[in-house]
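Each chain, written out:
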Amino acid sequence: MDYVTLNTGAKMPILGFGVYQIPPEETERAVGDAIALGYRHIDTAQYYRNEAGVGHALKASGLPREEFFITTKVGTSGYRDTKHQIERALRHLQTDYIDLMLVHWVMSDYHGTYQALEEAHREGKLRAIGLSNFNQRQIQGIMAQFATVPAVLQNEMHIFHQQNAMREFTKEKGIQFESWAPFGEGAHDIFNHPVIAQIGTKYGKTVAQVILRFIIQEGVVAIPKSIRKERMAENFAIFDFELSPADMAALRHLNEDRGLFGWNN
Ligand code: NAD
């Protein structure tokens, strides 16, 4: 496993396991499978309603808490609701600290939300805090008001939407960029893309593996999701090869600045 170092000094595994759309009753099994395969970084959210399943899987693994990097996200708006949500997440995840908590999206009182996260960060309940689905102006607003620079920005990023301007911006600010939907949720027949498949053939790797390798070689954290154990294993097997500069350039060339929902951030 490779790691990135956050502006807090903490190490974050560059590859994680995302649990969006995994039904609550299936989450413990799926996360348990991922842990058995070697995943130590799990990405959940209040909105996914499966934080408790993640908590059960962590406990059932019998592994020490510090082996894991756990991200969750608050979908609440404002200071008071967020304070409650932080406590709820700690309970559901059965832990006394969370490695990273993100503001899931821009909401009416996201400054109040960030204030609650910053407080919990100072108390040690949240080891790092960050943002998701924010644009540059909104990030600058947060940085102008708060002393704690977000550690991570988790935004949509995949082959068809490479986020070059935003990645440049976050790099300048010392914010780690993290990709959600590294496969673009499978849209545009991405798993049969001829250029990506051809590159994969050279390394004996699948389209999914080339995509994930591309993202991590760009220095971006990736959190692919699958409920199938064989795909989880496939997605994890990306640390035994390296894409050449020419192949990286060919993959960069596939960028269309095309987000899944037409968003700009
Ligand atoms: P994704 O890009 O990871 O694609 C998931 C799809 O790809 C699934 O249908 C899965 O069956 C398929 N797939 C996975 N591995 C495969 C493989 N090896 N071969 C063929 N098909 C494969 O999409 P996602 O789940 O939306 O995103 C990943 C994670 O990002 C989520 O689980 C969640 O943790 C996070 N996320 C965050 C936000 C946000 O607003 N912050 C939004 C969306 C997703």
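Every value quoted in this text rests on a predicted model; they were computed, and no experiment measured them.

(A) Region of the structure containing the packing of helix H1 (residues 24–37) against helix H2 (residues 51–61). At their nearest, the axes of H1 and H2 sit 8 Å apart, and the two run at 45° to each other. One element, H1, and the other, H2, form an angle in the oblique class. Viewed along their axes, H1 and H2 form a crossing whose handedness is right-handed. The residues of H2 that touch H1, namely those facing Thr27, Glu28, Val31, Gly32 and Ile35, are Gly53, Val54, His56, Ala57, Leu58, Ala60 and Ser61. Tallied by class, residues from the contact of H1 with H2 come to 6 nonpolar, 5 polar and 1 charged.

(B) Region of interest: the packing of aromatic side chains. Per the counting criterion, the structure on display carries 12 aromatic pairs. On the numbers, 4.7 Å between centres and 50° between planes, the contact of tyrosine 39 with phenylalanine 236 is tilted. Taken together, the positions of tyrosine 39 in the loop between H1 and strand E4 (41–43) and phenylalanine 236 in helix H9 (residues 229–236) put the pair 197 residues apart, joining distant regions of the chain. Phenylalanine 236 matches tyrosine 39 in its accessibility class, with the two residues each being buried. Ring centres of phenylalanine 236 and phenylalanine 239 lie 6.2 Å apart, and the angle between their planes is 70°; this geometry places the pair in the edge-to-face category. Residue classification places phenylalanine 239 among the partly exposed positions, given a relative accessible area of 28%. Within the aromatic cluster, the residues linked to one another by ring pairs are Phe17, Tyr39, Phe236 and Phe239. Across the ring face of tyrosine 97, the terminal group of arginine 65 is positioned such that the distance to the ring centre comes to 4.0 Å. Here the guanidinium or amino end of arginine 213 rests over the ring plane of phenylalanine 241, the centre of that ring lying 5.8 Å away.

(C) View of the site of the ligand. Near the ligand you find 25 residues, and of these Asp43, Ser132, Gln154, Phe183 and Glu185 are the closest. One of the backbone nitrogen or oxygen atoms of valine 19 is found 3.3 Å away from an oxygen atom of the ligand. Taking tyrosine 48, its side chain carries an N or O atom lying 3.5 Å from a nitrogen atom of the ligand. Expressed as a share of its isolated accessible area of 830 Å², the protein-covered part of the ligand is 88%. With 3 residues, H9 is the single largest residue contributor to the shell around the ligand. For the shell around the ligand, the class distribution of residues is 11 nonpolar, 8 polar and 6 charged.

(D) Representation of the UniProt feature "domain: NADP-dependent oxidoreductase" (unreviewed entry) in the chain. What UniProt calls "domain: NADP-dependent oxidoreductase" (unreviewed entry) maps, in this numbering, to residues 21–255. Here residues 21–255 runs as 46% helix and 12% strand, with 26 Å between its end C-alpha atoms.

(E) Examining the sheet that holds strand E3 (residues 17–18) more closely. Reading across the sheet, the 8 strands line up as E3-E4-E5-E6-E7-E8-E9-E10 and stay open at both edges, with parallel pairing between neighbours. Of all strands in the sheet, those bounded by a partner on one side alone are E3 and strand E10 (221–222). Across 4 bridges, the pairing between strand E5 (residues 69–74) and strand E6 (residues 100–103) is parallel. Its bridge partner lying in E6, threonine 71 is registered against leucine 100.

Rules used throughout
Residues numbered from 1 in each chain as written. Predicted model: local features only at pLDDT ≥ 70, side-chain atom pairs only at ≥ 80, totals over all residues. Heavy atoms only, no water. Axes fitted to C-alpha atoms, helices over the stretch in contact; angles between N-to-C directions. Helix = DSSP H or I, 4+ residues; strand = E, 2+ residues; numbered from the N terminus. Parallel < 35°, antiparallel > 145°, perpendicular 65-115°, else oblique. Left-handed = near helix turned anticlockwise from the far one by under 90°. Contact = heavy atoms within 4.5 Å. Nonpolar A, V, L, I, M, F, W, Y, C, P; charged D, E, K, R; others polar. Phe/Tyr/Trp six-rings, centres within 6.5 Å; stacked < 30°, edge-to-face > 60°. Buried < 20%, exposed > 50% of the residue type's maximum accessible area, 1.4 Å probe, protein only. Lys NZ or Arg CZ within 6 Å of the ring centre and 35° of its normal. Near = heavy atom within 4 Å. Polar contact = N/O pair within 3.5 Å; in protein donor to acceptor, adjacent residues only side chain to side chain. Areas by Shrake-Rupley, 256 points an atom, 1.4 Å probe, with all protein chains shown as cover. UniProt positions renumbered as here; feature names shortened; annotations may be inferred. Pairing = 2+ DSSP bridges.

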